[in-house]
Structures are given as structure tokens and as C-alpha cells.
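Fold and contact review
Listed here are the chains, written in short residue letters.
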Amino acid sequence: MKIEPRMFTLPSGEVLTVRSLCADDAEALSAFRNAIYSETHFMARYPEEGASLEAMRNGLAGCVESPVNFEVGAFAGEKLVGSLVLHRCGRISKYRHRAVMGISVRKDHWGCGLGSYLMQLAIDQTRANGFEQLELGVFSDNSRAIHLYEKFGFERYGIQPRAFKLKDGTYRDEIIMVKML
């Protein structure tokens, strides 16, 4: 689904353009993901595990064509600095009331309100699309993200122990969270 473009002003006065990502944004999305995969261990992938440009183009084109799935990017000029992706949990009727989401923000844009802005956008659009609950998973040691999600009414309902194994051999649990809409 296509989300209408909007502007978000950072505390510094810089204005970001927030809009749906389309197939033409695959290169910007690839650069963004490679950057965020390198900045923190809180992402599910490492940089070398990123999707191909063709796969990104196809995925973004599919989001634009979907009546309920979407991916939004926050741009500082031509540079992608934040992303929100939201998908229906499944195609079968017993899952259709559920959506799953993820937010990622470049480290140099942490703490400026962008995550909150994207979260509110996710909640508002999820409700407008008729979903009844919004779900996500988060690394158990990502206290900044957990705080954001709880601020917006997400509740913890489970833990997947040792969900992530890092290159150094250590493990991280995943906290599963939900917000009823």
C-alpha cells in the first residue's frame, strides 16, 4: 500500500521526508540496511546476509501493490535514515487480524523522536487497515527499543530463549510483544 508522503522535523530543525518505499528505492534501502546491520547487533542479519537488489525491488514493488502491507522510509535529502515495515501475519483467515512490524533507525538519528514518529504512523495505519493487533520481536538487551514499544502500549507476552546467536558465540533472547488495537 502506498502511504502519502509527509514531513517530520527533527529537534535540530532538519526536515525529513517520510514516504512509501518503491522499487526505485532498492539501492537506498540496501545502503541503509548495510549500515544499520553494521552499527549494532540488534538487527537479525549481518551486512553480508543482506538481500540482493532484485529481491529488494521485488519486495518493495509487492508492498506498494498490497492493500495492507507497507514499507516507509525517512529520508534526509537522498539518504535513508529510518525505516518502518509492516506486514499481515499470514494470508489465511485465522491470521488476518494480526500484523507484524519492525522499525530501524540509523544510529546518528537515535534519540531525535524519529522512532516515536514511525511508531505512531505504524499504529495509526494498522488501525486504519482494520487489523486488531500489532506484533513485534526485539532483542532482550535492546533497552531503547523496548522502552519505545512500551511507551506506545506494547506488552510483553513471551520470550524466545537464545533466539539469536552472534558471531562471538553469545546468545540473545527475543522478547515478543503485542499491542491490541
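An account of the accompanying structure is given in this report. All values derive from a computational prediction rather than experimental measurement. (Residues numbered from 1 in each chain as written. Predicted model: local features only at pLDDT ≥ 70, side-chain atom pairs only at ≥ 80, totals over all residues. Heavy atoms only, no water.)

**Points about helix H2 (residues 53-65)**
If you check H2, its first and last C-alpha atoms are 18 Å apart, about what 13 residues at 1.5 Å a residue would give, namely 18 Å. Among the residues making up H2, those that are buried are Met-56, Leu-60 and Cys-63. All buried residues of H2 fall inside an arc of 55 degrees around its axis, so they share one side. The outward face of H2, more than 90 degrees from its buried face, is lined by the exposed residues Glu-54, Asn-58 and Glu-65. (Helix = DSSP H or I, 4+ residues; strand = E, 2+ residues; numbered from the N terminus. Expected span 1.5 Å × (residues − 1). Buried < 20%, exposed > 50% of the residue type's maximum accessible area, 1.4 Å probe, protein only. Arc of directions from axis to C-beta.)

**Brief notes about the packing of helix H1 (residues 26-39) against H2**
Viewed as axis vectors pointing N to C, H1 and H2 meet at an angle of 115 degrees, and their least axial separation amounts to 9 Å. Taken together, the axis directions place H1 and H2 in an arrangement best described as roughly perpendicular. For the pair H1 and H2, the sense of crossing is right-handed. When H1 is examined against H2, the residues Ala-26, Glu-27, Leu-29, Ser-30 and Arg-33 are found in contact with a partner set consisting of Leu-53, Met-56, Arg-57 and Leu-60. In terms of residue class, the contact of H1 with H2 is made up of five nonpolar, one polar and three charged. (Axes fitted to C-alpha atoms, helices over the stretch in contact; angles between N-to-C directions. Parallel < 35°, antiparallel > 145°, perpendicular 65-115°, else oblique. Left-handed = near helix turned anticlockwise from the far one by under 90°. Contact = heavy atoms within 4.5 Å. Nonpolar A, V, L, I, M, F, W, Y, C, P; charged D, E, K, R; others polar.)

**Quick look at H1**
With 14 residues, H1 extends 20 Å from end C-alpha to end C-alpha; this agrees with the ideal 20 Å at 1.5 Å per step. Within the sequence span of H1, burial applies to Ala-26, Leu-29, Ser-30, Phe-32, Ala-35, Ile-36 and Tyr-37. Looking at the buried side of H1, the elements it contacts are H2, strand S3 (70-76), strand S4 (79-88) and strand S5 (98-105).

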